[in-house]
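Residues per chain, in single letters:
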Amino acid sequence: MQPYAARDLLVRTFYLDGEQAFFIADPNTQRWIIGNQETRDLLQCADGLQSERQIAERLAASPGRTEELLGLLINEGLVFQDKTLFRKQCMPLVCDREILALHLEITNQCNLRCTHCYLSSGAKKKNELGLQEIMDIIDQLEPGSGKKLCITGGEPLLHPDFFNIIEYAAVTRGLEVDIYTNALLIDDETAARLQDIRDRAPFGINIQISIEGADAETNDMVRGKGVFDKVGQAVNRLINRGMEKNIVLFVCLTKDNISQFDALVTMAETLRIKALKFSQWQKQGRTYETSWADKSPTSEEWIHCGHRLLSYPHRDTILLGNFWGDLKNDSHLGFGLTGKLFPKLVCNLKVAPRIDCQGNVWSCQVFVDQASIVGNTRKTTLSQIFSDRPYKNLFRLCTERESHITECATCQWKSFCGGGCAGFAYAENENYHMRDFFCSIRTYWLEQFLTHKIEQYKLQRWSAAANF
Ligand SMILES: C[S@@+](CC[C@H](N)C(=O)[O-])C[C@H]1O[C@@H](n2cnc3c(N)ncnc32)[C@H](O)[C@@H]1O
Ligand code: SF4
Ligand code: SF4
């Protein structure tokens, strides 16, 4: 064996009872360890070119000691038997994985004119996809696979074939279906039809309802007068049919509603709904008519909400939100200080593409501008679109962009972050080669994680010494 450890390890020095110690993390595998000088030296020597014996000689250590330490580091996932094994465990910053979900906008027509609507929805567009074309798209997700189809718009319930589409996707094809809706059209009859489909769909349906605040005044500022009360009635109709675990409430946080964070959590928990999802305004569509500085929460506000989210006990309602700038290391909240892995932003570029009502395809829901369209479902299949040049070019751009961003070039976190989300960066700046808004939020949580682990380690050492 020619042991190999990553060449771009993050190393942070600290002191414990006057002794030097090192926190060492591998950005490729998200594994980390706390060790001493001996650990650090061994990781440096494990370059995939030297045998165990050569390493022991170089470190002037006994072969037995080197073998023992290597075994420990292999166990911890910091050292690999050789470079090939290491490569297999690496998680690149931008992944080219299979499609697991589709966001399908079945119409641009809408019965509201929300001030933030990134699609500026309202009127039906010319030449929107027909029922057969929509079914042909749905057919491209393997039946019974549990893959997800998010039916959105505009307002999808306005589509004359809405129930045919849901029936086909959720029941006939056995997909998990999410319906993104403003809920205005959920009357008793619609609630009954949704319940009936829910009961027959093998992977169920989720009804994701958008609100913009915990009270009528805040919500209706964005969605229009009287909307909050109507949404409340729709939610009650679904709950009365035993559908609370099919309801997801979705809130875009802004300066106007971020102070209602706790009230929104309480509301969701009181209703005992499945989940409450927080998102952020994306600078697109009708948001251009609003002053961005007046609406966008500050980094401090995001961080405060992140702390609140981490402090909630895990209850019946799932709480989700991008409070960590897309860092992931935990299956529960996405990010956690108790998570085993070191946090990292991994962009799954085409895992959930967006398809608009005219069949245009984007690699991800965050991409909205015309310049990043990668194909059209009227011309070819999704699998062809994601093998063609426009997608390949975008993929390359996303993998390389960090090297074009001045601030990222010297950043210690670049291998864990890659310059953030390309889509957000473009939406905010019309330029891919810029950091996204979440840069300072990510660095905050990366530091928090590292500090938390070092503090925990110190406590364990002290309590072990005390017991001794
Ligand atoms: C475009 S709407 C379509 C579905 C439905 N009409 C609704 O409002 O839920 C889908 C989701 O996008 C959200 N949204 C609209 N504009 C946005 C923006 N500028 N940034 C982030 N999310 C936005 C809406 O709040 C909604 O939750
Ligand atoms: S956010 Fe939804 S409800 Fe509001 S205008 Fe856009 S599509 Fe319509
Ligand atoms: S500067 Fe910000 S965006 Fe760039 S790599 Fe560092 S943390 Fe990420």
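Above: the structure in question.
None of these values were measured; they are calculated from a predicted model.

1. Looking at the overall build of the protein chain
Counting its secondary structure elements, the protein chain contains 18 helices and 15 strands. Since a compact globule built from 468 residues should have a radius of gyration of about 23 Å, the 25 Å found for the protein chain is in line with a globular shape. Evaluated residue by residue, the protein chain yields a buried proportion of 41% over its 468 residues. Sequence separation of 24 or more characterises 67% of the internal contacts of the protein chain that already satisfy a separation of 6 or more.

2. So, the site of ligand 3
Around ligand 3, the surrounding shell holds 13 residues, and the nearest of these are Cys408, Cys411, Cys417, Arg435 and Cys439. Elements with a contribution of two residues or more to the shell around ligand 3: helix 15 (406–409), helix 16 (414–417) and helix 18 (439–467). Here the element with the most residues in the shell around ligand 3 is helix 18; it accounts for three residues. Its residues assigned to classes, the shell around ligand 3 comprises six nonpolar, three polar and four charged.

3. A look at the site of ligand 2
In the region of ligand 2, the neighbouring residues are Cys110, Leu112, Arg113, Cys114, Cys117, Leu119, Ser121, Gly153, Gly154, Glu155 and Asn182. Partitioned by chemical class, the residues of the shell around ligand 2 number five nonpolar, four polar and two charged.

4. A few points about the sheet that holds strand 9 (residues 247–253)
Consider a sheet: its strands pair through backbone hydrogen bonds, and that pairing is either parallel or antiparallel. With mixed pairing, ten strands are arranged side by side in an open sheet as 11-10-9-8-7-6-5-13-14-15. A single partner strand is all that each edge strand has here, and the edge strands are strand 11 (318–321) and strand 15 (375–376). Direction of pairing for strand 7 (residues 176–181) relative to strand 8 (residues 205–211): parallel, over a ladder of five bridges. Paired with Ile179 across the strands is Ile207, a residue of strand 8.

5. Observations concerning the environment of Thr410
Looking at where Thr410 falls in the secondary structure, it is placed in the loop between helix 15 and helix 16. By C-beta crowding, Thr410 is classed as exposed, having 7 other C-beta atoms within 10 Å. Sequence spacing of Thr410 and Pro3 is 407 residues, and the spatial spacing of their C-alpha atoms is 29 Å.

6. With respect to unusual backbone geometry
Despite not being glycine, Arg272 shows a phi value in the positive range, around 60°. Following the sequence through the fold, Arg272 ends up in the loop between helix 10 (261–271) and strand 10 (275–280). Taking the number of C-beta atoms within 10 Å as the measure of exposure, Arg272 has 13 and is therefore partly exposed. The phi dihedral of Glu430 falls on the positive side, at around 55°, and the residue is not glycine. Looking at the secondary structure, you find Glu430 in the loop between helix 17 (422–429) and helix 18.

7. Describing the packing of helix 2 (residues 52–59) against helix 3 (residues 63–75)
Running from N to C, helix 2 and helix 3 cross one another at 115°; their axes reach a closest spacing of 9 Å. With respect to helix 3, the element helix 2 is oriented roughly perpendicular. Judged by the twist between their axes, the crossing of helix 2 over helix 3 is right-handed. Counting all contacts with helix 2, which are made through Glu52, Arg53, Ile55, Ala56 and Leu59, the residues of helix 3 involved are Pro63, Thr66, Glu67 and Leu70. Partitioned by chemical class, the residues of the contact of helix 2 with helix 3 number five nonpolar, one polar and three charged.

8. Here's the deal with the sheet that holds strand 1 (residues 10–16)
Taken together, the three strands give an open sheet; going across it, the order is 1-2-3, and neighbouring strands pair in antiparallel fashion. One side of each edge strand has no neighbouring strand; the edge strands of this open sheet are strand 1 and strand 3 (32–35). The mean angle between the axes of side-by-side strands here comes to 20°, regardless of whether they run parallel or antiparallel. Relative to the sheet, helix 1 (residues 37–45) contacts strand 1, strand 2 (19–25) and strand 3, its axis offset from that of strand 2 by approximately 40°.

9. Some thoughts on the environment of Tyr426
Position of Tyr426 among the secondary structure elements: in helix 17. Between the C-alpha atom of Tyr426 and that of Gly325, which follows or precedes it by 101 residues, the distance is 15 Å.

10. Quick word on helix 10
All buried positions along helix 10 are accounted for by Phe261, Leu264, Val265, Met267 and Ala268. Relative to the axis of helix 10, the buried residues are bounded by an arc of 160° and lie together on one face. Relative to its buried face, helix 10 has exposed residues pointing more than 90 degrees away, namely Asp262, Thr266 and Thr270. Residues of helix 10 that are buried make contact with strand 9, strand 10, helix 12 (299–311) and strand 11. Among the residues trailing helix 10, Arg272 stands out with phi positive, at a value near 60°.

11. A short note on the environment of Arg389
On the secondary structure map, Arg389 appears in helix 14 (residues 389–400). On a C-alpha basis, the gap between Arg389 and Val374 in space is 8.3 Å, while along the polypeptide they are 15 residues apart.

12. Notes on the nonpolar core
Grouped together as the largest cluster of nonpolar side chains are 121 residues, with contacts concentrated most on Leu149, Ile151, Val177, Ile247 and Leu249. Not counting chain neighbours up to four residues away, the residues in contact with Leu149 comprise Leu102, Leu104, Ile138, Leu141, Ala169, Leu175 and Val177.

13. Remarks on the pairing of strand 6 (residues 148–152)
The element strand 6 is extensively covered by neighbouring structure, given that four of its five residues are classed as buried. In terms of strand pairing, strand 5 (residues 101–105) meets strand 6 through five bridges, oriented parallel. Its bridge partner being in strand 6, Leu102 is matched across the sheet by Leu149. Crossover handedness for the path strand 5 to helix 5 (residues 131–138) to strand 6: right-handed. Relative to strand 7, strand 6 runs parallel, the two sharing four bridges. Each residue of the ladder has a partner; that of Lys148, found in strand 7, is Glu176. Read as a crossover between parallel neighbours, the route from strand 6 over helix 6 (residues 162–172) to strand 7 is right-handed.

Basis of the calculations
Residues numbered from 1 in each chain as written. Chains lettered and ligands numbered in written order. Predicted model: local features only at pLDDT ≥ 70, side-chain atom pairs only at ≥ 80, totals over all residues. Helix = DSSP H or I, 4+ residues; strand = E, 2+ residues; numbered from the N terminus. Rg over C-alpha atoms; globule rule 2.2 N^0.38 Å. Buried ≥ 20, exposed ≤ 12 C-beta atoms within 10 Å, placed from the backbone. Contact = placed C-beta atoms within 7 Å. Near = placed C-beta within 6 Å. Nonpolar A, V, L, I, M, F, W, Y, C, P; charged D, E, K, R; others polar. Pairing = 2+ DSSP bridges. Axes fitted to C-alpha atoms, helices over the stretch in contact; angles between N-to-C directions. Parallel < 35°, antiparallel > 145°, perpendicular 65-115°, else oblique. Left-handed = near helix turned anticlockwise from the far one by under 90°. Arc of directions from axis to C-beta. Core = buried A, V, L, I, M, F, W, Y, C linked by C-beta atoms within 7 Å. Right-handed = clockwise from strand over helix to strand, strands pointing away.

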